[in-house]
Amino acid sequence: MEEVMTDKQMEVIINLIADKFANCKTMEEVQKAISELKEMAKKDKPSE
């Protein structure tokens, strides 16, 4: 069954990502934020 994301869920995710990048001042900080977001995404995936 396909899960549909609500507008509110999408808004929360986009705000999370925006907040992660808002304080980045160097490319190293951006790369660290990307790594952290990828790790968060891995943890949230249900095992099939």
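This text follows the structure it describes.
Cut-offs applied
Residues numbered from 1 in each chain as written. Predicted model: local features only at pLDDT ≥ 70, side-chain atom pairs only at ≥ 80, totals over all residues. Heavy atoms only, no water. Patch = residues over 30% accessible without salt bridge, like charges linked within 9 Å, V, L, I, M, F, W, Y side chains within 5 Å. Areas by Shrake-Rupley, 256 points an atom, 1.4 Å probe, with all protein chains shown as cover. Salt bridge = Lys/Arg side-chain N within 4 Å of Asp/Glu carboxyl O. Helix = DSSP H or I, 4+ residues; strand = E, 2+ residues; numbered from the N terminus. Buried < 20%, exposed > 50% of the residue type's maximum accessible area, 1.4 Å probe, protein only.

Novice: Break down a nonpolar patch on the surface for me, with residues and values.
Specialist: A contiguous nonpolar surface patch, about 560 Å² in accessible area, is contributed by Met5, Met10, Ile13, Ile14, Leu16, Ile17 and Met40. Of all the elements, helix α1 (residues 7–22) adds the most residues to the nonpolar patch, at five residues. Checked against the element boundaries, Met5 lands in the segment before α1. For Met5, a relative accessible area of 42% gives the class partly exposed.

Novice: Got a sec to walk through the pattern of salt bridges? Specific residues and values, please.
Specialist: Under the defined criterion, the tally for this structure stands at three salt bridges. Note that Lys32 and Glu36 form a salt bridge whose closest N and O atoms lie 3.8 Å from each other. Of this pair, Lys32 and Glu36 both sit in helix α2 (residues 27–44), four residues apart, which is roughly one turn of that helix. Note on Glu36: relative accessible area 29%, which makes it partly exposed. Through salt bridges with shared partners, one network takes in Lys20, Lys32 and Glu36.

The quantities given are spatial measurements derived from coordinates; they are silent on function.
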